[in-house]
Amino acid sequence: MAVQDLFALGAAACWAVGSMMSVTPSRHLGAFAFTRWRMAMVAVMLWTVVAVTGGWRGFETSYWAVMALSGLIGIFVGDTALFAAMNRLGPRRAGVLFATHAAFSAGLGFLFLSERMSLQASAGAALTMAGVMTAIMLGRRKDETHDWEADRGHVGMGVALALLAALCQAVGSLIAKPVMSLQVDPIMASAVRVTVATAAHGVLLLSGFQAARAQQAPNARVLLQTGLNGFIAMGVGMTLVLLALEKGKVGLVAILSSVSPILVLPLLWFQLKRAPAPAAWLGAVMTVVGTGLILWR
C-alpha cells in the first residue's frame, strides 16, 4: 500500500464528514455565500501555517499561475456548483453524481498525462465506482421522508451542477498534477488555490451578482459550522489530495478519494436514525473489495 493511497483515502474521509456538516450552513447562506465564507476562513488558516512553517520558500513564481488556474476551476467553479447541487438534491444524490469525477479524472489522465493502470488496478477501479454508484443510487429507503432527501428547486439543474462540479474537480487536479509532482509544499499550494478562488468570489459579490449575496444573514452558529467544515474538508482534505498527487496518478487518486459517499453511509445512519437500505451495504462491500484491489496492486 503506497502512502499516496492513504492520503487519497484520508481526503475521502474528510470530504465525507465535510459534506454532512455543510448541509445546514449551505442552505442557510446559499451556495455562493457559504462557499465564499468557507474559503475566506480556510485561506486565513492556510496562510497562518505557511507563515509559521516558511512554506513559501522554494515555491517559484511560475507555480502561482498554475495553482491559481487550478483553484479557479476546481474550487471557485467546482465547489460552488457542488453546494448548489447539494442544496437542490441533498447530500446523497449530489454525492453519487460528484463521484463521477473519478471517471473524468481517469479519462483526462489517460488523454493528457498518458497514465495507464494495471489490469488489477483497472478491475479495482471499476468495482469501486460500481460500488459507489450502487450504494448511493439504491441506498434510499422507499419510505424515507427526511428533509435531506427532499427536492429543492429544479432537479435537472441540480444534476447538471453536480456533474459540472465533478468535471471541474477532475480538471483542477489535472492542472495541479505537474506542479505537485515536483513535491512543492502542499499547504502553500492549497493556500494559493483557495486565495484565488476567494478573490474570485469577492469580485463576483462586488459586481452586484444577486445570487452571490447571502440568502440569510450569518449567525455565530452558522459561521462556526462553516469554519469547521472548511478546516476539515478544504484545509485538511484538499491538502491530502495534493499530497497524493505528488506521486500518485490523477485517475487512481480520484478513484480512491471518490469513496467518500460510502463513508457517508454510517454518518447518514446516525443523522437519520435509520440504517441504509440493503443495496447500500452491497455497494459498500463492492467498494471495499475494489479499493483493496487498488491498494494491494
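Overview of the structure.

Focus: the environment of Ala123
Now for step 1: Mapped onto the elements, Ala123 comes out in helix α5 (residues 119–137).
Now for step 2: Judged by relative accessible area, which is 40%, Ala123 ranks as partly exposed.
Now for step 3: A C-alpha to C-alpha distance of 7.5 Å links Ala123 and Leu293, two positions 170 residues apart in sequence.

Comments concerning the side chain of Lys177
Now for step 1: Along the polypeptide, Lys177 turns up in helix α6 (residues 155–180).
Now for step 2: Look at Lys177: it is buried, it has no salt bridge, and the nearest opposite charge is Glu115 at 5.1 Å.
Now for step 3: Non-local contacts of Lys177, meaning those with residues more than four positions away in its chain, are made with Leu113, Glu115, Leu245, Glu246, Lys247, Gly248 and Val250.

Brief notes about helix α4 (residues 101–112)
Now for step 1: Look at α4: 16 Å from first C-alpha to last across twelve residues, which is about the 16 Å you get at 1.5 Å a residue.
Now for step 2: Ser114 occupies a position one or two residues after α4 and carries a positive phi of about 55 degrees.

A short note on the nonpolar core
Now for step 1: Core analysis: the biggest nonpolar cluster contains 45 residues, and Phe59, Met67, Met180 and Val194 have the highest contact counts within it.
Now for step 2: No other element matches helix α8 (residues 220–247), which puts nine residues into this core.
Now for step 3: Excluding anything up to four places from it in sequence, Met180 contacts Met67, Pro186, Ala189, Leu242, Leu245 and Glu246.
Now for step 4: Ranked by size, the runner-up nonpolar core spans 21 residues in total, among them Leu29, Leu89, Leu97 and Val222.

Points about the pattern of salt bridges
Now for step 1: Across all of its chains, the model carries one salt bridge by this definition.
Now for step 2: Between Asp79 and Arg38 there is a salt bridge; the shortest N-O distance is 2.4 Å. Linking Asp79 in helix α3 (residues 61–98) with Arg38 in helix α2 (residues 31–53), this pair joins segments that are 41 residues apart in sequence.
Now for step 3: A relative accessible area of 13% places Asp79 in the buried class.

Digging into the packing of α6 against α8
Now for step 1: Here α6 crosses α8 at 60 degrees, and the two axes come no closer than 8 Å. Compared by their axis directions, α6 and α8 come out oblique. Two packed elements cross with a definite hand, and for α6 against α8 that hand is right-handed. Across from Ser173, Ala176, Lys177 and Met180 in α6, the residues of α8 making contact are Leu242, Leu245, Glu246 and Lys247.
Now for step 2: Of the residues contributing to the contact of α6 with α8, the split by class is four nonpolar, one polar and three charged.

The rules behind the values
- Per chain, residues are indexed from 1 in the order of the written sequence.
- With pLDDT at 70 or above as the cut-off, local features in this predicted model cover only qualifying residues; side-chain atom pairs require 80 or more to be listed or tallied, and sums for whole chains, interfaces and linings still use all residues.
- The basis for every side-chain value is the complete set of heavy atoms in the structure, and neither hydrogens nor water enter the calculation.
- Note on conventions: DSSP H or I runs of at least 4 residues are helices, E runs of at least 2 residues are strands, and numbering of each starts at the N terminus.
- The cut-offs for exposure are 20% and 50% of the maximum accessible area for each residue type, with area from a 1.4 Å probe on protein chains only; residues under the lower value are buried, those over the upper are exposed, and the others partly exposed.
- In this charge count, Lys and Arg are treated as positive and Asp and Glu as negative; neither His nor the chain ends contribute.
- In what follows, salt bridge is the name for a side-chain nitrogen of Lys or Arg lying within 4 Å of a carboxyl oxygen of Asp or Glu.
- Contact definition: two residues touch when any of their heavy atoms are within 4.5 Å.
- One less than the residue count of a helix, multiplied by 1.5 Å, gives the span that helix is expected to have.
- Within this scheme, the nonpolar core is defined by two criteria: the residues are buried Ala, Val, Leu, Ile, Met, Phe, Trp, Tyr or Cys, and they are joined through side-chain atoms within 4.5 Å.
- Fitted lines through C-alpha atoms serve as axes, helices being fitted only where they are in contact, and the angles separating the N-to-C directions of these axes extend from 0 to 180 degrees.
- For this classification, under 35 degrees means roughly parallel, over 145 means roughly antiparallel, 65 to 115 means roughly perpendicular, and everything else is oblique.
- Crossing handedness follows the turn of the near helix against the far one: under a right angle anticlockwise gives a left-handed crossing, and clockwise gives a right-handed one.
- Gly is put with the polar residues, along with every residue not named as nonpolar or charged; the nonpolar set is Ala, Val, Leu, Ile, Met, Phe, Trp, Tyr, Cys and Pro, and the charged set is Asp, Glu, Lys and Arg.

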